[in-house]
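The chain contents come next:
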Amino acid sequence: MVADYERHLKLERALSEHTVRAYTGDVVSLLTQLPTPPAAVEPPARELAEPSQTEPSEVGSSQIGSSRAAGDLAASAADACLAGLDLAAMRAWLAGLLAGGASRNTLARRAAAARTFTAWASRQGLLAVDPGPRLAAPRPRRVLPAVLRPDQAADALAAAESGAAEGDPVALRDQAVLELLYASGVRVSELCGLDVDDVDYSRRVIRVLGKGQRERTVPFGVPAERALWRWQFQGRPRLLAPRSTPALFLGARGGRLDPRTARRVVHDAVGTVPGAADMGPHGLRHSAATHLLEGGADLRSVQELLGHATLATTQLYTHVTVERLRAIHDRTHPRSR
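All of the points below concern the structure found in this document. Computed from a predicted model, the values in this text were never measured in an experiment.

**Quick word on empty space enclosed by the protein**
So, point 1. All chains considered together, the criterion is met by two cavities of 30 Å³ or more.
So, point 2. What the second largest cavity holds in volume is close to 40 Å³.
So, point 3. Taken together, Leu148, Ala153, Ala156, Leu157, Leu178, Tyr182, Val270 and Leu284 form the lining of the second largest cavity.
So, point 4. The set of elements that each furnish at least two residues to the lining of the second largest cavity consists of helix 6 (150-163) and helix 7 (169-184).
So, point 5. At three residues, the largest contribution of residues to the lining of the second largest cavity is made by helix 6.
So, point 6. Residues that form the lining of the second largest cavity fall into these classes: eight nonpolar, no polar and no charged.

**Topic: the packing of aromatic side chains**
So, point 1. Applying the stated criterion across every chain, the model contains six aromatic pairs.
So, point 2. Considering the side-chain rings of Tyr201 and Phe233, the 6.2 Å spacing of their centres and the 45° angle between planes classify their relative orientation as tilted. Residue Tyr201 is located in the loop between strand 1 (199-200) and strand 2 (205-209), and its partner Phe233 is located in helix 9 (residues 222-235); the two are separated by 32 residues in the primary sequence.
So, point 3. Phe233 sits in the partly exposed class, given a relative accessible area of 45%.
So, point 4. Where Trp231 meets Phe249, the ring centres are 6.3 Å apart and the plane angle is 15°; that geometry is what we call stacked. One end of the pair, Trp231, is in helix 9; the other, Phe249, is in the loop between helix 9 and helix 10 (259-271), and 18 residues separate them in sequence.
So, point 5. By the ring-pair criterion, three or more aromatic residues cluster together here, those being Tyr5, Phe117 and Trp120.

**Some details on helix 12 (residues 299-306)**
So, point 1. Among all positions of helix 12, only Val302, Gln303, Leu305 and Leu306 are buried. Axial view of helix 12: buried residues confined to an arc of 165°, hence all on one face. In this structure, helix 12 carries Arg300 and Glu304 as exposed residues pointing more than 90 degrees from its buried face.
So, point 2. Looking one or two places after helix 12, you find Gly307, whose phi comes out positive at around 75°.

**Describing the pairing of strand 3 (residues 215-219)**
So, point 1. Alternating residues of strand 3 divide into Arg216 and Val218, all buried, and Glu215, Thr217 and Pro219, none buried.
So, point 2. Here strand 2 pairs with strand 3 via five bridges, running antiparallel. Each bridged residue has a counterpart across the sheet, and for Ile206 the counterpart in strand 3 is Val218.

**What to know about the sheet that holds strand 3**
So, point 1. Read across the sheet, three strands follow the order 1-2-3 without closing on themselves; strand pairing throughout is antiparallel. Looking at which strands have only one partner, the edges of the open sheet turn out to be strand 1 and strand 3.

**Overview of the pattern of salt bridges**
So, point 1. If you walk through the whole model with that rule in mind, you get 13 salt bridges.
So, point 2. Arg173 is the partner of Asp174 in a salt bridge, and the nearest nitrogen-oxygen pair spans 2.8 Å. Just as Asp174 is buried, Arg173 falls in that class too.
So, point 3. Arg264 is the partner of Asp268 in a salt bridge, and the nearest nitrogen-oxygen pair spans 3.8 Å. Here Asp268 and its partner Arg264 are both found in helix 10, four residues apart, which amounts to about one turn of the helix.
So, point 4. We classify Asp268 as partly exposed; its relative accessible area is 45%.
So, point 5. Connected through salt bridges with shared partners, the residues Asp26, Arg109 and Arg110 form a single ionic network.

**A word on the nonpolar core**
So, point 1. Grouped together as the largest cluster of nonpolar side chains are 44 residues, with contacts concentrated most on Leu178, Leu180, Leu191, Ile206, Leu228, Trp231 and Phe249.
So, point 2. At the level of secondary structure, the elements contributing two or more residues to this core comprise helix 6, helix 7, helix 8 (188-192), strand 2, helix 9 and helix 10.
So, point 3. Of the residues forming this core, the biggest block, seven residues, is contributed by helix 7.

Each value, and the rule that gives it
Residues numbered from 1 in each chain as written. Predicted model: local features only at pLDDT ≥ 70, side-chain atom pairs only at ≥ 80, totals over all residues. Heavy atoms only, no water. 1 Å grid on protein atoms, 1.4 Å probe; cavity = no way out; pocket = protein on both sides within 12 Å on 5 of 7 lines; lining within 4 Å. Points joined across faces, edges and corners; volume = space filled by probe spheres on them. Helix = DSSP H or I, 4+ residues; strand = E, 2+ residues; numbered from the N terminus. Nonpolar A, V, L, I, M, F, W, Y, C, P; charged D, E, K, R; others polar. Phe/Tyr/Trp six-rings, centres within 6.5 Å; stacked < 30°, edge-to-face > 60°. Buried < 20%, exposed > 50% of the residue type's maximum accessible area, 1.4 Å probe, protein only. Arc of directions from axis to C-beta. Pairing = 2+ DSSP bridges. Salt bridge = Lys/Arg side-chain N within 4 Å of Asp/Glu carboxyl O. Core = buried A, V, L, I, M, F, W, Y, C linked by side-chain atoms within 4.5 Å.

Right under this line is the structure:
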């Protein structure tokens, strides 16, 4: 049953591997807490994966995902009776998590995972009544993301440009990674998933495949165009290897760039800027969105650029800009205090 649900999340909803792992883990946690636990528990059926073309991390991290997959995704309760899965059982499950110290965000995510599962189980005829819509959970706290000031972003990008001045292919790649992340606001997974044909220099846009397999077109500016061109036509050919794919960004051994390496690139570049908050690619994405809004972009346009499914997610960045405006007002207005 859990294996069927896992396939539904992967194939029909096209969720990321990380989300699928989290949701199935939550479901196993819920099912094992039922008053009448499922009779049979066994690992979900796993399909043989094709050999990965992802470049091993350049920070020395070993391949850790495959060895944990079965444990992370835990067990499947085949032919289990879900008669005990009702609103009271779901509330008791959340109460137990709360007593164990789970945060508001964790409770909200797990409640969402449980509602998704019960809706699927109801559609499959495994549940006579779907208790999910009546399950309440605390709203997650919306934490303001750390962002760079425009001058700090410029300093980080200037440091990357200086490092690429001698033409080292890895330095050229790192500059292009930073410029494109900041120019477009794409997710690191989207950046690493780009292929050479996804770049259109004539229109200065990239074709991005985002969450839920949704495709969108994202523009980038002239500095990013210059950095991308130098990487693609001067740096990338020098890292090509027999195992290389059409990936736009390559690792030092010729495979597709690993997201962990991209995170290290951002950490190192931002770390050269005095006073800048420590951040990775997601922080650069936050910074790009914030600077767009501060520059006068409307929320709908920023939503489309970032690939947010709902406007509510994009609205988080308006709080950042308001906080900045308040800080500027407090610092500069003669009657602010």
